[in-house]
Amino acid sequence: MENRDTILDVTSLKKYFPIKTSFLRRVVGYVKAVDDVSMYVRQGETLGLVGESGCGKTTLGRCVLRAIEPTSGGVVYHLDDNQVDILDISREDLRALRPHMQMIFQDPYSSLDPRMTVLDVIGEPLKVAGVKHQEVVARVEELMGLVGLDPRYMRRYPHAFSGGQRQRIAVARALAPNPQFIVCDEPVSALDVSVRSQILNLLLELQERFGFSYLFISHDLSVVHHISHRVGVMYVGKIVETAPVSDLFAHPLHPYTEALLSAIPRPDPRIKRNQIILAGEIANPARPPSGCYLHPRCLYAQDVCSESAPPWEEVEPDHFVSCHFARELSLQGVVM
Ligand code: SF4
């Protein structure tokens with residue numbers, strides 16, 4: 001791959017979950033949750049990842065942290081001056097790298113242990129790293145200030161905080177070990193609409209200040225548009241298109257992206273837009289269709305689409321797509 005100043009390069013990543021019979025536990029098939037994904041995240045950028053629920057976004061996010069073990073592929077991090085494929089290293093070496101790669105979860109109500117004070121929640125990664133108590137307290141104080149929480153409340157328990165404040169605690173915990181790369185897994189979808197933009201703006205401010213790289217997973221295209229530099233679109237375990245955010249929204253090259261964009265609610269319902277309704281159901285990742293996985297639902301499908309899988313190609317600079325007709329179709333985008 002050419003040098004794109006990346007922090008993360010993912011190559012042909014697969015995560016197949018075996019389907020076993022209930023009696024002899026024989027493997028009779030696989031759920032292809034992540035199916036031959038290649039992508040990259042640049043230093044200091046946010047790659048938004050969108051797709052319907054069940055398309056494999058969260059599994060992909062966990063695989064790139066090796067929080068679950070991928071089936072095959074490569075996940076290379078460029079950390080400081082080192083380049084390391086985290087699928088090729090021992091558990092012990094992976095533990096040493098963990099501080100550089102963190103995750104923020106969707107639900108701040110279940111991701112924080114209710115029996116731990118905020119000091120313990122945020123300070124835990126530091127204690128595990130052997131940092132002295134006084135230094136942990138000082139760092140937690142600093143982190144709470146950074147995420148907009150009053151450090152005087154560090155000895156309170158999570159239940160004393162609102163949903164938005166709890167997500168700020170979760171962000172502070174992720175920042176504690178000084179990471180370079182953070183997977184944000186639907187970090188605002190469990191929050192009230194009124195506090196979503198506060199958390200998104202906090203993530204943007206922190207990125208600007210510290211240069212973090214984010215993989216930002218969401219099913220909400222408006223949120224992804226607000227926070228991302230580039231966007232990847234997933235369908236049944238595969239990324240079908242990635243592009244800089246403005247290109248992808250204004251000028252999609254994949255029919256599935258076009259259909260997702262056409263479903264974004266309009267602020268003014270009097271302005272009509274032609275919504276594209278894809279026929280049938282999302283494909284079953286245990287028995288995906290032949291060729292292009294979208295072909296039974298795609299408005300533009302031709303014979304070749306069911307016969308062979310489209311290649312993953314850079315059709316325009318930094319705009320990758322997997323569709324036999326990406327160069328010929330003229331698809332409709334949206335202005336946000
Ligand atoms: Fe549609 Fe064919 Fe393109 Fe797949 S390859 S998205 S079926 S036109």
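None of the values given here were measured: they were computed from a predicted structure.

Analysis parameters
- Residues numbered from 1 in each chain as written.
- Predicted model: local features only at pLDDT ≥ 70, side-chain atom pairs only at ≥ 80, totals over all residues.
- Heavy atoms only, no water.
- Helix = DSSP H or I, 4+ residues; strand = E, 2+ residues; numbered from the N terminus.
- Buried < 20%, exposed > 50% of the residue type's maximum accessible area, 1.4 Å probe, protein only.
- Contact = heavy atoms within 4.5 Å.
- Disulfide = S-S within 2.5 Å.
- Pairing = 2+ DSSP bridges.
- Axes fitted to C-alpha atoms, helices over the stretch in contact; angles between N-to-C directions.
- Near = heavy atom within 4 Å.
- Nonpolar A, V, L, I, M, F, W, Y, C, P; charged D, E, K, R; others polar.
- Salt bridge = Lys/Arg side-chain N within 4 Å of Asp/Glu carboxyl O.
- Phe/Tyr/Trp six-rings, centres within 6.5 Å; stacked < 30°, edge-to-face > 60°.

1. Let's talk about the overall build of the chain
Of the regular secondary structure elements, the chain holds 10 helices and 12 strands. In terms of principal-axis extent, the alpha carbons of the chain reach across some 70 × 55 × 45 Å. Here the chain, with 336 residues, has 50% of them falling under the buried criterion. Long-range pairs, those at least 24 residues apart, make up 63% of the contacts in the chain with a sequence separation of at least 6.

2. Details of the environment of leucine 112
Along the polypeptide, leucine 112 turns up in the loop between β6 (101-104) and α3 (118-128). Remark: the alpha-carbon pair of leucine 112 and isoleucine 122, spanning 10 residues in sequence, is separated by 9.7 Å. Setting aside residues no more than four positions away along its own chain, leucine 112 makes contact with Val121, Pro158, Arg166, Ile169 and Ala170.

3. A word on the state of the cysteines
Counting across every chain of the model gives zero disulfides. Here cysteine 63 is not disulfide-linked; the sulfur of cysteine 55 is the nearest cysteine sulfur, at 13 Å. For cysteine 184, which is in no disulfide, the shortest distance to another cysteine sulfur is to cysteine 55 and amounts to 17 Å.

4. Things to note about helix α1 (residues 57-64)
In terms of burial, α1 is largely enclosed, as six of its eight residues are buried. Of all the residues in α1, the buried ones are Lys57, Thr59, Leu60, Gly61, Cys63 and Val64. Following α1 by one or two positions, arginine 66 adopts a phi angle in the positive range, close to 55 degrees.

5. Regarding the sheet that holds strand β1 (residues 6-20)
Two modes of strand pairing occur in sheets, parallel and antiparallel, and in both the strands are linked by backbone hydrogen bonds. Pairing within the open sheet is antiparallel, and its four strands lie in the order β2-β1-β4-β5. Looking at the sheet topology across the chains shown, the edges are occupied by β2 (27-42) and β5 (82-85). In this sheet, neighbouring strand axes are inclined to one another by 20 degrees on average, regardless of whether the strands run parallel or antiparallel. As defined by bridge partners, β1 adjoins strand β4 (residues 72-79) across five bridges and the pair is classed as antiparallel. When the bridges of β4 are listed, valine 10 appears paired with valine 75.

6. Comments concerning the site of the ligand
Taken together, His254, Pro255, Cys292, Leu294, His295, Cys298, Tyr300, Ala301, Cys305, Cys323, His324 and Phe325 make up all the residues around the ligand. Here the shell around the ligand is composed, by residue class, of nine nonpolar, three polar and no charged.

7. Side note on the sheet that holds strand β3 (residues 46-50)
Taking strand neighbours across the sheet as the criterion, the eight strands line up as β6-β7-β8-β3-β9-β10-β12-β11 in an open arrangement whose pairing is mixed. In this open sheet, the two edge strands, each paired with only one partner strand, are β6 and β11 (313-316). Mean inter-strand twist for the sheet, computed between neighbouring axes without regard to direction, equals 25 degrees. Both β11 and strand β12 (residues 319-321) contribute to a ladder of three bridges, which runs antiparallel. Of the residues in β12, the one forming a bridge with glutamate 313 is valine 321. Across the sheet, helix α9 (residues 255-262) lies against β9 (230-235) and β10 (238-244), angled at about 105 degrees from β9, the strand it touches most.

8. A closer look at the pattern of salt bridges
Under the defined criterion, the tally for this structure stands at 12 salt bridges. Put simply, lysine 238 and aspartate 35 hold a salt bridge, and the shortest N to O gap is 3.7 Å. Residue lysine 238 is located in strand β10, and its partner aspartate 35 is located in strand β2; the two are separated by 203 residues in the primary sequence. Residue classification places lysine 238 among the partly exposed positions, given a relative accessible area of 25%. A residue is classified by how much of its surface remains accessible, and aspartate 35, at 4% relative accessible area, is buried. The closest approach of N and O atoms between aspartate 120 and lysine 127, which form a salt bridge, is 3.0 Å. A cluster of three or more residues bridged by salt bridges with shared partners is formed by Arg42, Glu45, Arg230 and Asp318.

9. Observations concerning the packing of aromatic side chains
Evaluated as defined, the whole model comprises seven aromatic pairs. Centre to centre, the rings of tryptophan 312 and phenylalanine 320 are 5.7 Å apart; their planes meet at 20 degrees, and the pair counts as stacked. Judged by relative accessible area, tryptophan 312 falls into the partly exposed class, the value being 32%. The exposure class of phenylalanine 320 is buried, given its relative accessible area of 11%. The structure contains a cluster of three or more aromatic residues connected by ring pairs, namely Tyr40, Trp312 and Phe320.

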